[in-house]
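Structural overview for review
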Amino acid sequence: TSREKWSQSSEIYQFTLKPMPPGDAVRLMKSFADERGIMRVKDAPAADLLTLADLVGGLPLALRLVTGLLNYQDTSNVKSSIANLSSKPVEDLFGYLFKTSIDKLSLSEKHLLIAIAQFDVEDGATSTNLKRLHVVDDGIFEDNIAKLVKLSLLEVGGDIKETRYY
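Conventions adopted
- Residues numbered from 1 in each chain as written.
- Predicted model: local features only at pLDDT ≥ 70, side-chain atom pairs only at ≥ 80, totals over all residues.
- Heavy atoms only, no water.
- Helix = DSSP H or I, 4+ residues; strand = E, 2+ residues; numbered from the N terminus.
- Buried < 20%, exposed > 50% of the residue type's maximum accessible area, 1.4 Å probe, protein only.
- Contact = heavy atoms within 4.5 Å.
- Salt bridge = Lys/Arg side-chain N within 4 Å of Asp/Glu carboxyl O.
- Pairing = 2+ DSSP bridges.

Glancing now at the overall build of the chain. In terms of regular secondary structure, the chain is built from nine helices and three strands. Counting from the amino terminus, helix and strand elements in the chain follow one another as α-α-α-α-α-α-α-β-α-α-β-β. Across the 166 residues that make up the chain, the buried fraction comes to 34%. A separation of at least 24 residues holds for 63% of the contacts in the chain among residues at least 6 apart in sequence.

Here you go:
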């Protein structure tokens, strides 16, 4: 999935994905939870997760964000917030999901997220480049990265020789 519109480029094959089937959506949420060590979601009953998956329309990015929110919020709070947005455009749903996560960030975590956003979206930012910018102290860099990943605000790629953040 992409957070950007690529319709202007002739080199990119684009197609719209349909919402995930309910069972697949729950498995995806549990997979996200397993990746991030969010045991309360990984061990949650499928029925609880199905309700949330349905509320966000089975959209993979929304499922990732909801999984991150469940790390520090209970299902009733997430459900009521999403339900209040159900009559609004999908952009409002993502705005809520991201805002809730961003509100949980410290100032240094916000600065790091902003710094990462300045790098080319295809290449991402390396830890070497980010540390060179002195956006955050070296002693808290890894903790800040871990929190951004845990909240689904940051994706990690690259290889073991050079980690990249997107």
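Along the chain, Ser-101 falls in helix α6 (residues 90-103). Ser-101 has contacts with Leu-69, Tyr-72, Leu-151 and Leu-153, leaving out every residue within four places of it along the chain.

Right, let's talk about the pattern of salt bridges for a bit. Under the criterion given, the structure shown has six salt bridges. A salt bridge links Asp-24 to Arg-27; the shortest N-O distance between them is 2.4 Å. Of this pair, Asp-24 and Arg-27 both sit in helix α1 (residues 22-36), separated by three residues, roughly a single helical turn. Between Lys-147 and Glu-109 there is a salt bridge, and its shortest N-O distance comes to 3.4 Å.

In this section: the sheet that holds strand β3 (residues 163-165). Strand order in the open sheet made by the three strands is β1-β3-β2, with antiparallel pairing throughout. Each of the sheet's edge strands pairs with one partner strand only, and the pair in question is β1 (125-126) and β2 (156-158). Judged from the three bridges that link them, β2 and β3 form a sheet pairing that is antiparallel. Pairing of Gly-158 across the sheet is with Thr-163, part of β3.

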